[in-house]
Amino acid sequence: MISIDQKTAVLAEALPYMQKFAGKTFVIKYGGNAMLNDELKKNVIQDIVLMKCIGINPIVVHGGGPEITGMLKQVGKQSHFVAGLRVTDAETATIAEMVLAGKINTEIVSLINQYGGRAVGLNGKDSDLIVAKQTMATIYENGLPKEVDIGFVGDVTKINADIIRILLSHNYIPVIAPTGVGLKGETYNINADYVAGEIAAAVGAAKLVLLTDVEGIYRDYHDKSTFVSTLPYSEAQEMVKKGSIDGGMIPKVEACIRALAGGVEKTHIIDGRQAHSLMLEVFTATGIGTEVVKESGRG
Ligand SMILES: Nc1ncnc2c1ncn2[C@@H]1O[C@H](COP(=O)(O)OP(=O)(O)O)[C@@H](O)[C@H]1O
Ligand SMILES: CC(=O)N[C@@H](CCC(=O)OP(=O)(O)O)C(=O)O
């Protein structure tokens, strides 16, 4: 049982962070694997509403990979991933948009509103928020890059962030589905981590926080003693090339790298399975998870 002294110590520790972050914008990427449990979902939503209450401007970018996989299965389609990206034919792009923008986005908006926030849902087509072009997946064979065609998967070419700024200036919480629109109105499926990195750079966010289903990054994913709390991005790039960062972790580190290059001050990959992990990361001295940084050393 936590004592009164411990409770007050925790609250007092939060004060300087509340002062430091008031008025700052945080992009929070909430991934499909951290969304599977209703109690955790509630914790994440409460943390986002709390941030808003103390003057931080949260922007939520959500995933929904497991739900897309489930829906594809219902219509008899198997899912395949290359370098963490879903191989997307035309029908898959339509189903991904339906699940992300139609189902998950509205659910998150509704939950935030139930907890007292004022959320507005957006997808890449709203006001041409996320303009994209077709991209390839890169895999490494013996350290050498190789391009693989994965269909209607998009690379962000432009974020039209005006609509986000307008919503923030009126105290709304934007909730963004990771679908992209091409120059001819076509739909692209984009990994939500990449969208979060691009949005964070476009709005000049102070922090990008990616919630996932592991503690953070491990040097060797099969050995939990190799957890890394601070990872310089040059080292992260090497780990992707060597294959020690693999699958769904690749878009996350690449999103952090993109955000840092775009001027975002801090990027974190944290465990969405831990109750109130967002609050712990933002309002405590030690933080949790892995921080991807430009230089070595945790700030
Ligand atoms: N070096 C690594 N450290 C941590 N996780 C890794 C690493 N390499 C690959 N992974 C995988 O990345 C996964 C996280 O990506 P993903 O499942 O796509 O998350 P989300 O659904 O939250 O976006 C982890 O569950 C793990 O299986
Ligand atoms: C191209 C690509 O991989 N798109 C992702 C979009 C959803 C997503 O990113 O969801 P998570 O954050 O839950 O993984 C997909 O189809 O699964």
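Residues numbered from 1 in each chain as written. Chains lettered and ligands numbered in written order. Predicted model: local features only at pLDDT ≥ 70, side-chain atom pairs only at ≥ 80, totals over all residues.

If you check an unreviewed UniProt entry, the protein chain appears there as Acetylglutamate kinase from Anaerospora hongkongensis. Annotation of the protein chain in UniProt includes, under Function (unreviewed entry), the sentence "Catalyzes the ATP-dependent phosphorylation of N-acetyl-L-glutamate." Per its UniProt entry, the protein chain bears the Catalytic activity (unreviewed entry) comment "N-acetyl-L-glutamate + ATP = N-acetyl-L-glutamyl 5-phosphate + ADP". (UniProt positions renumbered as here; feature names shortened; annotations may be inferred.)

A. Representation of the UniProt feature "domain: Aspartate/glutamate/uridylate kinase" (unreviewed entry) in the protein chain. On the UniProt side, "domain: Aspartate/glutamate/uridylate kinase" (unreviewed entry) is annotated at positions that read residues 24-271 here. With 38% helix and 32% strand, residues 24-271 has end C-alpha atoms that lie 22 Å from one another. (Helix = DSSP H or I, 4+ residues; strand = E, 2+ residues; numbered from the N terminus.)

B. Seen up close, the nonpolar core. The biggest cluster of nonpolar side chains holds 79 residues, and the ones touching the most others in it are I199 and L208. A per-element tally of this core places helix α4 (residues 90-114) first, with ten residues. (Core = buried A, V, L, I, M, F, W, Y, C linked by C-beta atoms within 7 Å. Buried ≥ 20, exposed ≤ 12 C-beta atoms within 10 Å, placed from the backbone.)

C. Examining the packing of helix α6 (residues 192-203) against helix α8 (residues 249-261) more closely. At their nearest, the axes of α6 and α8 sit 8 Å apart, and the two run at 10 degrees to each other. Overall, the two elements α6 and α8 adopt an arrangement that is roughly parallel. Side by side, α6 and α8 meet where D193, Y194, A196, G197, E198, A200 and A201 of the first sit next to P251, K252, E254, A255, C256, R258 and A259 of the second. A per-class count over the contact of α6 with α8 returns eight nonpolar, one polar and five charged. (Axes fitted to C-alpha atoms, helices over the stretch in contact; angles between N-to-C directions. Parallel < 35°, antiparallel > 145°, perpendicular 65-115°, else oblique. Contact = placed C-beta atoms within 7 Å. Nonpolar A, V, L, I, M, F, W, Y, C, P; charged D, E, K, R; others polar.)

D. Spotlight on the site of ligand 2. Inspection of the region around ligand 2 gives 16 residues, with G32, G63, G65, R86 and A192 positioned closest. Among the secondary structure elements, those contributing two or more residues to the shell around ligand 2 are α3 (65-74) and β4 (85-86). A class-by-class count of the residues in the shell around ligand 2 yields seven nonpolar, eight polar and one charged. (Near = placed C-beta within 6 Å.)

E. Structural context of unusual backbone geometry. Even without a glycine there, the phi angle at D128 is positive, about 50 degrees. When you line up the elements, D128 lands in the loop between β5 (119-123) and β6 (130-141). Although it is not a glycine, N142 sits at a positive phi angle of roughly 55 degrees. Mapping N142 onto the fold places it in the loop between β6 and β7 (144-159). A tally of 5 C-beta atoms within 10 Å means that N142 is categorised as exposed.

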